[in-house]
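Listed below are the residues making up each chain.
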Amino acid sequence: MSASGIPLAAVGDFDGKGLEFALPPDGYSRYPATFPNGVDFRLGIDDARKAWSYLQPGPADSWAGRRDHRFRLRCDLAAAPTTGVDLALWLIDSHATIPGSTVLGINGTTVDRLVFAGGATKGSTLGDSTAGGSPLKPSYLDRLRRDRSVRPARLM
């Protein structure tokens, strides 16, 4: 896995860590109170240390109410991209037996369902996959636009 391309929007660094986000590395129990309506992050306005959670609970997580949770990334672009846009998600860990999935939507339109690979189930208490002996299992999801002739109007 390598990072390439020019990012239109990014939250955090691709460094194998989640320590720069809200609630790390063991604040998962505060997620429901901190993000009662899910994460709604405005790029360039919000502070990732407070407004972007280091973990995404799933509907099987009793500590998060056993329900779906939304992660919203909002960003305004000066102009629509003139070439195709790809999506890359880099996860430092996920649940080993029920890693979950997410519905990807852009501008209110469902684009795809992304299915996460099984991890080590340790990401809720550890936030650094690069530490020596770390049991975390990073995974990567890349979605390439197949029809590069269609341009998105605005990513928000």
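See the structure printed just above.
Everything in this summary refers to the structure shown in the same document. Note that the structure is a prediction, hence the values are computed from the model and not measured.

The number of helices and strands found in the protein is 2 helices and 6 strands. Across the 156 residues that make up the protein, the buried fraction comes to 26%. Expressed as a percentage of contacts within the protein between residues at least 6 apart in sequence, the contacts between residues at least 24 apart total 65%.

On to a nonpolar patch on the surface, then. A cluster of nonpolar side chains, contributed by Phe14, Trp90 and Tyr140, occupies part of the molecular surface with about 300 Å² of accessible area. Mapped onto the secondary structure, Phe14 falls in the segment before α1 (31-34).

Here the structure, examined in full by the defined rule, presents 6 aromatic pairs. Pairing Phe14 with Tyr140 gives two aromatic rings, centres 5.9 Å apart and planes at 75 degrees, and the pair type is edge-to-face. Within this pair, whereas Phe14 is found in the segment before α1, its partner Tyr140 is found in strand β6 (residues 139-143), the two being separated by 126 residues in sequence. Accessibility expressed as a relative area gives 39% for Tyr140, which makes it partly exposed.

This paragraph deals with the pattern of salt bridges. Counting across every chain of the model gives 4 salt bridges. Here Arg72 makes a salt bridge to Asp40, at a shortest N to O gap of 3.9 Å. With Arg72 in strand β2 (residues 71-74) and Asp40 in strand β1 (residues 39-42), this pair connects stretches of sequence that are 32 residues apart. On the basis of relative accessible area, Arg72 is assigned to the partly exposed category, the value being 28%. Asp40 sits in the partly exposed class, given a relative accessible area of 34%.

Within the secondary structure layout, Ser139 lies in strand β6. Not counting chain neighbours up to four residues away, the residues in contact with Ser139 comprise Leu89, Trp90, Leu91 and Ala117.

Topologically, Ala48 is positioned in helix α2 (residues 48-51). Judged by its relative accessible area of 18%, Ala48 falls in the buried class. Between the C-alpha atoms of Ala48 and Ala22, which are 26 residues apart in sequence, the distance is 6.7 Å. Ignoring any residue separated from it by four or fewer positions in sequence, one finds Ala48 in contact with Val11, Glu20, Phe21, Ala22 and Phe41.

Moving on, we get to the pairing of β1. Side chains Val39 and Phe41 of β1 all project onto a buried face; the interleaved residues Asp40 and Arg42 project onto a face where none is buried. When β1 meets β2, the two strands line up parallel, connected through 4 bridges. Across the sheet, Arg42 pairs through a bridge with Arg74, a residue of β2.

What follows is about unusual backbone geometry. In this structure, Pro25 follows Pro24 across a cis peptide bond, with omega equal to -20 degrees. Positive phi, normally seen in glycine, also occurs at Asn107, with a value near 55 degrees. Its place among the elements puts Asn107 in the loop between β4 (101-106) and β5 (109-115). Under the relative-accessibility criterion, Asn107 is labelled partly exposed at 40%. The backbone phi angle of Thr121 is positive, close to 60 degrees, even though this residue is not glycine. Topologically, Thr121 is positioned in the loop between β5 and β6.

How each quantity is defined
Residues numbered from 1 in each chain as written. Predicted model: local features only at pLDDT ≥ 70, side-chain atom pairs only at ≥ 80, totals over all residues. Heavy atoms only, no water. Helix = DSSP H or I, 4+ residues; strand = E, 2+ residues; numbered from the N terminus. Buried < 20%, exposed > 50% of the residue type's maximum accessible area, 1.4 Å probe, protein only. Contact = heavy atoms within 4.5 Å. Patch = residues over 30% accessible without salt bridge, like charges linked within 9 Å, V, L, I, M, F, W, Y side chains within 5 Å. Areas by Shrake-Rupley, 256 points an atom, 1.4 Å probe, with all protein chains shown as cover. Salt bridge = Lys/Arg side-chain N within 4 Å of Asp/Glu carboxyl O. Phe/Tyr/Trp six-rings, centres within 6.5 Å; stacked < 30°, edge-to-face > 60°. Pairing = 2+ DSSP bridges.

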